[in-house]
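Here is what each chain is made of, one letter per residue.
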Amino acid sequence: MTNDMGPGWSDAAAADDVWDGAGIEAQAGGRTVALFRSGEQVFATDPLCTHGNARLCDGFVEVDAGKASVECPLHQGRFDLADGRPLCEPVTEPLRTYPVRVEGGRVWVALG
Ligand code: FES
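Residues numbered from 1 in each chain as written. Predicted model: local features only at pLDDT ≥ 70, side-chain atom pairs only at ≥ 80, totals over all residues.

**Some words on the overall build of the chain**
Across its full length, the chain carries 0 helices and 11 strands. Beginning at the N terminus, the succession of helices and strands in the chain can be written as β-β-β-β-β-β-β-β-β-β-β. At 13 Å, the chain has a C-alpha radius of gyration in line with the 13 Å of a compact globule built from 112 residues. Principal-axis analysis of the C-alpha atoms places the extent of the chain at approximately 40 × 25 × 20 Å. Within the chain, residue pairs in contact and separated by at least 24 positions form 40% of the contacts whose partners lie at least 6 positions apart. (Helix = DSSP H or I, 4+ residues; strand = E, 2+ residues; numbered from the N terminus. Rg over C-alpha atoms; globule rule 2.2 N^0.38 Å. Contact = placed C-beta atoms within 7 Å.)

What follows is the structure, given as structure tokens:
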């Protein structure tokens, strides 16, 4: 697909494919990312947990005080989806996150 967003932005998925409260794995700019939705907000992160390489798209999206996080499906560590910081043990290393824009029914990710 043509990159309508300008340099640095990659088309990752149809916005409708990212369901509220869930995650999916997607390809963007030749890389694998995880996409998550919480209401109108869509987040993009590296696909694997920094603790044990579990697939975070299989984790659980939670919202606490308006802040979305994902719980790893393997050992239940949690990451803030906005900035990737670890929120509870056993995760201690931050998760890389990427800027996201939803335009034209597509999710665009800036991989940097
Ligand atoms: S692999 Fe994710 S918390 Fe251990």
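**Here's the deal with the pairing of strand S4 (residues 41-45)**
Counting buried positions over the 5 residues of S4 gives 4, a clear majority of the element. In this structure, strand S3 (residues 31-38) lies alongside S4, joined through 5 bridges in antiparallel fashion. Of the residues in S4, the one forming a bridge with Arg-37 is Val-42. Counted between consecutive antiparallel strands, the loop separating S3 from S4 contains 2 residues, among which Gly-39 sits at a positive phi close to 65°. Sheet topology note: the S4/strand S9 (residues 97-98) ladder contains 2 bridges and is antiparallel. Along S9, the bridge assignment pairs Thr-45 with Thr-97. (Buried ≥ 20, exposed ≤ 12 C-beta atoms within 10 Å, placed from the backbone. Pairing = 2+ DSSP bridges.)

**Some points on the environment of Ala-22**
In this fold, Ala-22 is placed in the loop between strand S1 (9-14) and strand S2 (23-28). C-alpha separation for the pair Ala-22 and Arg-85, spaced 63 residues apart in sequence, amounts to 19 Å. Setting aside residues no more than four positions away along its own chain, Ala-22 makes contact with Arg-37 and Val-61.

**What to know about the sheet that holds S4**
Read across the open sheet, the 4 strands follow the order S2-S3-S4-S9; overall the sheet is antiparallel. Across the chains shown, the open sheet's two edge strands, defined by having one partner strand only, are S2 and S9.

**Observations regarding the environment of Ala-44**
Along the chain, the position of Ala-44 falls in strand S4. C-beta crowding within 10 Å serves as the criterion here: with 26 such atoms nearby, Ala-44 is assigned to the buried category. Spatially, the C-alpha atoms of Ala-44 and Gly-84 are 9.7 Å apart, while their sequence positions differ by 40 residues. In this structure, Ala-44 is in contact with Ala-12, Val-33, Leu-35, Thr-97, Tyr-98, Val-100 and Val-109, ignoring residues within four places of it in sequence.

**A short note on the sheet that holds strand S8 (residues 86-88)**
If you trace the 4 strands from one edge of the open sheet to the other, you get S5-S6-S7-S8, paired in antiparallel fashion. Looking at the sheet topology across the chains shown, the edges are occupied by strand S5 (60-64) and S8. Between one strand axis and the next, the sheet turns by 35° as a mean value, whatever way the strands run. Pairing geometry for strand S7 (residues 78-80) and S8, over 2 bridges, is antiparallel. Residue pairing across strands places Arg-78 opposite Cys-88, the latter belonging to S8. (Axes fitted to C-alpha atoms, helices over the stretch in contact; angles between N-to-C directions.)

**Looking at the environment of Phe-60**
Secondary-structure assignment places Phe-60 in strand S5. Along the sequence, Phe-60 and Arg-78 sit 18 residues apart, while their C-alpha atoms lie 9.1 Å from each other. The contact partners of Phe-60, leaving out residues within four places of it in the chain, are Val-70 and Glu-71.

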